[in-house]
Amino acid sequence: MSRLDIMTPSRAQTVIDSLYRDIERRIAASPPGLCPVDLARNFLNLCHAQTCGKCVPCRIGLGQLSALMEQVLDGDAAMETIDIIERTASTIVNTADCAIGRDAARLVLDGLAGFRDDYEEHVRNHRCLGAAQNPVPCVALCPAGVDIPGYVTLVKYGKYADAVKLIRKDNPFPTACAYICEHPCEARCRRNMIDDAVNIRGLKRYAVDHAPEVPNPPNAEPTGKRVAVIGGGPGGLSAAYYLALMGHKVTVFEKRKKLGGMLRYGIPAYRLPREKLDAEIASILSTGIEARTGVNIGTEITFDALRKEYDALYITIGAQTDKKTGIEGEDAKGVISAVELLRGIGDDDCPDFTGKKVVVIGGGNVAMDVCRSSVRLGAKRVSCVYRRRIADMTALAEEVEGAMAEGVEMVTLEAPSRIETDADGNAVALWTQPQIIGEMDKAGRPRPEQAQREERRIPADLIVVAIGQGIETQGFQTDKITIKRGAFVAEASGQLGEMDGVFAGGDCVTGPATAIRAIAAGKVAAANIDEYLGFHHEIDVGVEVPTPRLNNKPPHGRVNTSEREASERKCDFDCIECGFTAEEAYAEASRCLRCDHFGYGVFRGGRTGTW
């Protein structure tokens, strides 16, 4: 008889593994609008099943927590029940023997802190604050609220011009977003329950690449009102576009030589071709918008003068100043900011890095843009120094992978400590302190901590700092504008405190964010400025979305866009991404479950035709 047996998965274990994968997919596809109390209760039950049950806090306490939350959901609880839930969860966190039990109870405590009003609504009024109907996940997660199922369907049927029109109803930058959007809409796509999220950005790219020239809707009758937009980036141009369609006379003031903001001065041409951006901006300006570039508010014209001249103002100046690391030698020759480098490239003033060793400090998308641009500018060696792990980088995974494929060296778990200079004050090396990964921070990322190892020297001819951007508030100092932590404090409507007729939005309010969030802020500002001016214009493009056909949608692989070969693309600034073929676009558009019609979720009140 053998002493040991070779372990092979039993049929039961195989089925359990499959169930776990199904649970993972359903969690990934969890849409906005679900009852948070019910969701937390179900997570708690799952965690309870995973504990060993040896200690009383886990075995008894977690079960009691689940029963108490069940009372809340069934309408049998009192307000005191919420306090009992909180005390019970706190006791488990403090007394459970293992991390599994502690984290399960902490999940309940976090829920109480995050959505206590939902608990109270269940107790007082026996209802959930969430909507009775789930919104379509992709639409709810798009900051601009674009009708995604609508334009995906139009792409499927070859109606590309209509798809572009439908996108423009909520986002006047369909081309820019088709190339560079971070596609938050895909995060909770319910197709995840079957296989993988629909490639929404890829389908948008196919639509804009294959649509003929799409005219803008006609402007409404002139209102006689004048609006000034300070900032010619995606947020400012979006607000100007919709205000112009509403019949207002709009003037955009931009500090730089060209319009586009961070779309031009923060995103390299290999990601967003300049001819595409220029064409899109020209389309927006064709609605009658006046653009005045090279104007610095505060010097050429004062903020108070604009207030007197215009009926309303929208401030959306973006985040285009660099942040400092604070390390020794940062002011040396050969140390520049990512903002400075990318701004020069945006103005077609490309430096020559031939034969140079470039070190980039940072781990976000801007850092990846700098790394990949440096490769294209002829750098001999490009190193990206980041104090955390690659998995903790805030840059998109595909950006990190693309940079590595082009030869960028990722130097992780190294915190910059000082910059070494020569006798002439030129930077010659970056010294870093090795790090060890530590406990999680509030954002759920593990903190780096100083390791007990000697500093590392990284030779460099040029050091680029890419650790974030700040807001340029000079020229807007007034007692009535509140500036907190370097950003304007505005209401949800965009209104700036007590400043009558002055609105603000985008990066200058939220801090550095994505282009689609700036576009969404511009859309909100346009609607609220229109209301402030005494109107209630509606934006409607008159596009009819085809009726869906019943289809069981069997599992089908996701079609991904491809890129040019790394050895080829790293030699120029031409677009690196290859769009779909007609066959691929049809296959991918056919994967959409049409959650706007079938039982996966519906638009609240039906499809939104106007706003």
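Our structure's up above, just so we're on the same page.
Here the structure is a predicted model, which is why all the values come from computation and not from measurement.

Caption draft 1: Region of interest: the nonpolar core. Ranked by size, the top nonpolar core spans 78 residues in total, and within it Ile148, Tyr151, Leu263 and Ile529 carry the most contacts. The dominant element in this core, judged by the number of residues it contributes, is helix α11 (residues 234-245), at 8 residues. Ignoring anything within four residues of it in the chain, the contact list for Ile148 reads Cys138, Val139, Cys142, Cys185 and Ile200. Judged by nonpolar contacts, the second largest core, of 27 residues, contains Phe353, Val370, Ala379 and Met393.

Caption draft 2: Structural context of the side chain of Thr432. As for its position among the elements, Thr432 is in strand β11 (residues 427-440). Only 2.7 Å separates the side chain of Thr432 from the side chain of Glu414, close enough to count as a polar contact. In this structure Thr432 touches Val385, Glu414, Ala415, Pro416, Ser417, Glu455, Arg456 and Ile458, once residues within four positions along its chain are discounted.

Caption draft 3: Representation of the sheet that holds strand β9 (residues 409-412). Taken in spatial order, the 5 strands of this open sheet run β6-β14-β7-β8-β9, and their pairing is parallel. In this open sheet, the two edge strands, each paired with only one partner strand, are β6 (335-337) and β9. Mean inter-strand twist for the sheet, computed between neighbouring axes without regard to direction, equals 25°. Packing against the sheet, helix α16 (residues 365-376) makes contact with β7 (357-361), β8 (381-386), β9 and β14 (462-465), and its axis sits at approximately 170° to β8.

Caption draft 4: Region of interest: the packing of helix α15 (residues 338-346) against α16. Following both chains from N to C, one finds α15 and α16 inclined at 55°, their axes separated by 10 Å at the closest point. Judged by the inter-axis angle, α15 sits oblique to α16. Remark: the crossing between α15 and α16 carries left-handed chirality. Residues Ala338, Leu341, Leu342 and Ile345 of α15 touch α16, and the partners they reach there are Val366, Asp369, Val370, Ser373 and Ser374. Tallied by class, residues from the contact of α15 with α16 come to 6 nonpolar, 2 polar and 1 charged.

Caption draft 5: Structural view of the state of the cysteines. Applying the stated criterion to the full structure yields 0 disulfides. Of all cysteine sulfurs, the one in Cys595 lies closest to Cys189, which takes part in no disulfide; the gap is 6.7 Å. When its relative accessible area of 11% is taken as the criterion, Cys189 is described as buried. Of all cysteine sulfurs, the one in Cys571 lies closest to Cys350, which takes part in no disulfide; the gap is 15 Å.

Caption draft 6: Structural detail: a nonpolar patch on the surface. Taken together, the side chains of Ile16, Tyr20, Ile23 and Ile27 define a hydrophobic patch exposed on the protein surface, amounting to about 310 Å² of accessible area. On the secondary structure map, Ile16 appears in helix α1 (residues 11-28).

Caption draft 7: Summary view of the sheet that holds strand β18 (residues 502-504). Reading across the sheet, the 5 strands line up as β3-β2-β1-β4-β18 and stay open at both edges, with parallel pairing between neighbours. Single-partner strands in this sheet number two, and they are β3 (290-293) and β18. Neighbouring strand axes in the sheet, compared pairwise and without regard to direction, differ in orientation by 20° on average. Where strand β1 (residues 226-230) meets strand β2 (residues 249-254), 5 bridges bridge the pair, whose relative direction is parallel. Considered in β2, the bridge of Arg226 is made with Lys249. Contacts between α11 and the sheet are confined to β1, β2 and β4 (312-315), with β2 contributing the most and set at about 170° to the helix. Relative to β4, helix α19 (residues 515-532) is tilted by about 165°, and along the sheet it contacts β1, β4 and β18.

Caption draft 8: Structural context of the packing of aromatic side chains. Summed over all chains, the structure comprises 7 aromatic pairs. Ring centres of Phe253 and Tyr310 lie 6.1 Å apart, and the angle between their planes is 85°; on these two criteria the pair is classed as edge-to-face. In this pair, Phe253 sits in strand β2 while Tyr310 sits in the loop between α14 (303-309) and β4, placing the two residues 57 residues apart along the sequence. With respect to class, Phe253 is no different from Tyr310; both count as buried. Grouped by ring-pair contacts, the aromatic residues Tyr241, Tyr242 and Trp611 constitute a single cluster. Across from the ring centre of Trp431, 4.5 Å away, lies the NZ or CZ of Arg418, which sits over that ring. Over the face of the ring belonging to Trp611 we find Lys523, whose NZ or CZ atom lies 5.3 Å from the ring centre.

Caption draft 9: Region of interest: the pairing of β11. Pairing between strand β10 (residues 414-421) and β11: 7 bridges, direction antiparallel. Bridge pairing in β11 places Glu414 opposite Pro434. Hairpin geometry of β10 and β11 is characterised by an intervening segment of 5 residues between the two adjacent antiparallel strands and by a positive phi of about 85° at Gly425. Judged from the 4 bridges that link them, β11 and strand β13 (residues 456-459) form a sheet pairing that is antiparallel. Counted as the bridge partner of Ala429 is Pro459 from β13. Looking at chain direction, β11 and strand β12 (residues 446-450) are connected through 4 bridges and run antiparallel. By the bridge assignment, Ile437 is partnered in β12 with Pro448. Between β11 and β12, which pair antiparallel one after the other, the connecting turn spans 5 residues, and Gly444 there sits at a positive phi close to 90°.

Caption draft 10: Seen up close, the pattern of salt bridges. Per the stated rule, a full pass over the model turns up 40 salt bridges. Notably, a salt bridge pairs Arg25 with Asp22, separated by 2.4 Å at the nearest N-O pair. Of this pair, Arg25 and Asp22 both sit in helix α1, 3 residues apart, roughly one helical turn. Look at Asp22 and you get partly exposed, because its relative accessible area is 29%. For Asp572, the salt bridge is made with Arg564, and the minimal N-O distance between the two is 2.9 Å. A residue is classified by how much of its surface remains accessible, and Asp572, at 22% relative accessible area, is partly exposed. Overall, Arg564 belongs to the buried group, its relative accessible area being 13%. Residues joined by salt bridges that share partners form a network here, namely Arg271, Asp369, Arg372, Arg376, Glu399, Glu406, Glu563 and Arg569.

Procedures and definitions
- Counting restarts for each chain: residues are numbered from 1 in the order of the written sequence.
- Given that this is a predicted model, residues contribute local features only at a pLDDT of at least 70 and side-chain atom pairs are listed and counted only at 80 or more, while totals for whole chains, interfaces and linings are drawn from all residues.
- By convention in this description, side-chain values take in all heavy atoms of the structure and omit both hydrogens and water.
- The definition of a nonpolar core used throughout is a set of buried Ala, Val, Leu, Ile, Met, Phe, Trp, Tyr and Cys residues joined through side-chain atoms within 4.5 Å.
- Only protein chains enter the accessibility calculation, which uses a 1.4 Å probe; a residue whose area is less than 20% of its type maximum is buried, one above 50% is exposed, and one in between is partly exposed.
- Per the convention used, a helix needs a DSSP run of H or I reaching at least four residues, while a strand needs a run of E reaching at least two, with both numbered from the N terminus.
- Residue contacts are defined here by distance: any two heavy atoms, one from each residue, within 4.5 Å place the two residues in contact.
- N or O atoms within 3.5 Å of each other form a polar contact, as long as, within protein, one can give a hydrogen and the other can take it, and as long as residues adjacent in sequence are counted only when both atoms are side-chain atoms.
- A pair of strands is labelled paired if DSSP reports no fewer than 2 bridges between them.
- Every angle, taken between N-to-C directions, lies between 0 and 180 degrees, and every axis is a line fitted to C-alpha atoms, over only the stretch in contact when it is a helix.
- Our angle categories are set so that under 35 degrees counts as roughly parallel, over 145 as roughly antiparallel, 65 to 115 as roughly perpendicular, and the remainder as oblique.
- Each crossing is labelled by how the near helix is turned from the far one, with a counterclockwise turn of less than a right angle marking it left-handed and a clockwise turn marking it right-handed.
- Gly is put with the polar residues, along with every residue not named as nonpolar or charged; the nonpolar set is Ala, Val, Leu, Ile, Met, Phe, Trp, Tyr, Cys and Pro, and the charged set is Asp, Glu, Lys and Arg.
- Note on terminology: disulfide denotes any pair of cysteine sulfur atoms within 2.5 Å.
- Exposure above 30% relative accessible area and the lack of any salt bridge qualify a residue for a patch; like charges then connect within 9 Å, and the nonpolar side chains Val, Leu, Ile, Met, Phe, Trp and Tyr within 5 Å.
- For every accessible area listed, the method is Shrake-Rupley and the probe measures 1.4 Å; residues are considered covered only by the protein chains on display.
- Throughout this description, the term salt bridge denotes a Lys or Arg side-chain nitrogen within 4 Å of a carboxyl oxygen of Asp or Glu.
- Between the rings of Phe, Tyr and Trp (Trp by its six-membered ring), a pair exists once the centres lie within 6.5 Å; its type follows the angle of the planes, with under 30 degrees stacked, over 60 edge-to-face, and the other angles tilted.
- Placement of a charge over a ring requires the Lys NZ or Arg CZ to be within 6 Å of the ring centre, with the centre-to-atom vector within 35 degrees of the ring normal.

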